[in-house]
Amino acid sequence: MSMRSGQRVGERPIRVLVADDQELVRSGYKAILNTFPGIEVVGIAKDGKQAVDEALRLQPDVVLMDIRMPEMNGIDATRAIAQSPLLADAHVLVLTTFDIDEYVYDALEAGASGFLLKDAEPDDIAHAIRVVAKGDALIQPSVMRRLVEAFAHSRPKQARALGEDAKARIQALTDREREILKLVATGADNARIAEQLFISPATVKTHLARIMSKTASHDRAQLVVLAYESALAVPGGQA
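This one's a predicted model, so the numbers in the text were calculated from it and none came from an experiment.

Calculation notes
- Residues numbered from 1 in each chain as written.
- Predicted model: local features only at pLDDT ≥ 70, side-chain atom pairs only at ≥ 80, totals over all residues.
- Heavy atoms only, no water.
- Helix = DSSP H or I, 4+ residues; strand = E, 2+ residues; numbered from the N terminus.
- Rg over C-alpha atoms; globule rule 2.2 N^0.38 Å.
- Buried < 20%, exposed > 50% of the residue type's maximum accessible area, 1.4 Å probe, protein only.
- Contact = heavy atoms within 4.5 Å.
- Areas by Shrake-Rupley, 256 points an atom, 1.4 Å probe, with all protein chains shown as cover.
- Lys, Arg positive; Asp, Glu negative; His and termini not counted.
- Charge placed at Lys NZ, Arg CZ, Asp CG, Glu CD.
- Salt bridge = Lys/Arg side-chain N within 4 Å of Asp/Glu carboxyl O.
- Axes fitted to C-alpha atoms, helices over the stretch in contact; angles between N-to-C directions.
- Parallel < 35°, antiparallel > 145°, perpendicular 65-115°, else oblique.
- Left-handed = near helix turned anticlockwise from the far one by under 90°.
- Patch = residues over 30% accessible without salt bridge, like charges linked within 9 Å, V, L, I, M, F, W, Y side chains within 5 Å.

1. Examining the overall build of the protein chain
Turning to step 1, where the next piece is worked out: Looking only at helices and strands, the protein chain has 12 helices and 5 strands in total.
Turning to step 2, where the next piece is worked out: Relative to the compact-globule value of 18 Å for 239 residues, the protein chain shows a C-alpha radius of gyration of 17 Å, a close match.
Turning to step 3, where the next piece is worked out: Projected onto its principal axes, the C-alpha coordinates of the protein chain cover approximately 45 × 40 × 30 Å.
Turning to step 4, where the next piece is worked out: For the protein chain, buried positions account for 48% of its 239 residues.
Turning to step 5, where the next piece is worked out: In the protein chain, the share of contacts with a sequence separation of at least 24, taken over all contacts with a separation of at least 6, comes to 69%.
Turning to step 6, where the next piece is worked out: Here the protein chain has roughly 11,800 Å² of accessible surface; of this, 52% comes from carbon and sulfur atoms.
Turning to step 7, where the next piece is worked out: Here the protein chain holds 29 positive side-chain charges and 33 negative ones, and the gap between their average locations is 5 Å.

2. Examining the environment of Gly-48
Turning to step 1, where the next piece is worked out: With respect to the element layout, Gly-48 can be found in helix α3 (residues 48-58).
Turning to step 2, where the next piece is worked out: Assessed through its relative accessible area of 0%, Gly-48 is described here as buried.
Turning to step 3, where the next piece is worked out: The spatial distance from the C-alpha of Gly-48 to the C-alpha of Glu-11 is 29 Å, given a sequence separation of 37 residues.
Turning to step 4, where the next piece is worked out: Among residues more than four places away in sequence, those in contact with Gly-48 are Met-69, Pro-70, Met-72, Asn-73 and Ala-77.

3. Description of the pattern of salt bridges
Turning to step 1, where the next piece is worked out: Tallied over the entire structure, the rule returns 11 salt bridges.
Turning to step 2, where the next piece is worked out: One salt bridge in this structure joins Asp-61 and Arg-12, with 2.8 Å as the shortest N-O distance. Taken as a pair, Asp-61 in the loop between α3 and β3 (62-66) and Arg-12 in the loop between α1 (3-6) and β1 (14-19) lie far apart in primary sequence, 49 residues in all. Across the pair, exposure class does not vary: Asp-61 and Arg-12 are buried alike.

4. A few points about the packing of α3 against helix α4 (residues 74-83)
Turning to step 1, where the next piece is worked out: Where α3 meets α4, the axes come as close as 8 Å, and the angle between the chain directions of the two elements is 20°. The orientation of α3 with respect to α4, classified from their angle, is roughly parallel. In terms of crossing hand, the pair formed by α3 and α4 is right-handed. Counting all contacts with α3, which are made through Gly-48, Ala-51, Val-52 and Ala-55, the residues of α4 involved are Ala-77, Ala-80 and Ile-81.

5. Quick notes on the side chain of Thr-78
Turning to step 1, where the next piece is worked out: In this structure, Thr-78 sits in helix α4.
Turning to step 2, where the next piece is worked out: Look at Thr-78 and you get buried, because its relative accessible area is 0%.
Turning to step 3, where the next piece is worked out: Beyond its immediate stretch of four places on either side in the chain, Thr-78 contacts Met-65, Val-92, Ala-107, Ala-110, Gly-111 and Ala-112.

6. A word on a negative patch on the surface
Turning to step 1, where the next piece is worked out: Taken together, the side chains of Asp-119, Glu-121, Asp-123 and Asp-124 define an acidic patch exposed on the protein surface.
Turning to step 2, where the next piece is worked out: Overall, Asp-123 belongs to the exposed group, its relative accessible area being 55%.

7. A closer look at helix α9 (residues 175-185)
Turning to step 1, where the next piece is worked out: All of the buried residues in α9 are Glu-177, Ile-180, Leu-181, Leu-183, Val-184 and Ala-185.
Turning to step 2, where the next piece is worked out: Of the residues flanking the end of α9, it is Gly-187, one or two places downstream, whose phi is positive at about 95°.

Here it is in structure tokens:
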């Protein structure tokens, strides 16, 4: 483990990279976020390719990623960052105009830790950055269900193929691990899962690490996506 990987985020500012093709948006986020204690914008990128290059160079904790950008779109850039072993500590927070944007699901499936509306209040943006920097997902279960339903309706063949792949990926999970994965999809945090299953938060954390390893999931957000794709969590059901 590198020295950087061994550091606690709370001991230093959260390093943020802003990727957006509009200069006004980039400069606006930079100016706003640098006013919050514990958050530092270390770089900006004007397209997806530059976002990946800058992420590799700067090693940020969080990348604020626009979806529609030239050179390389935000989805492909997110996938490149999520799949890079050199960026294992980086988490992508997708910027979108609408919470049911047709591309948001693709970004989450590619490895994004969550999404944020572009017109969000500054305090909400700072909160979102802090959430994903800890490795938590920023996806409301109700919104996730709507995304899955919209995706399955608009692209049924692709949804079926992903569903079969997801089911295969969870075959190796134990019954307890599936139970925890299902609770993760409801939005429950480790403390709540521990309380419901009468186990310690440390045990939940250990199970989650094993689940991520067995399913090749980058973070908690991908576990949520996996649960819905495999039908372990049912769209329209109780969160």
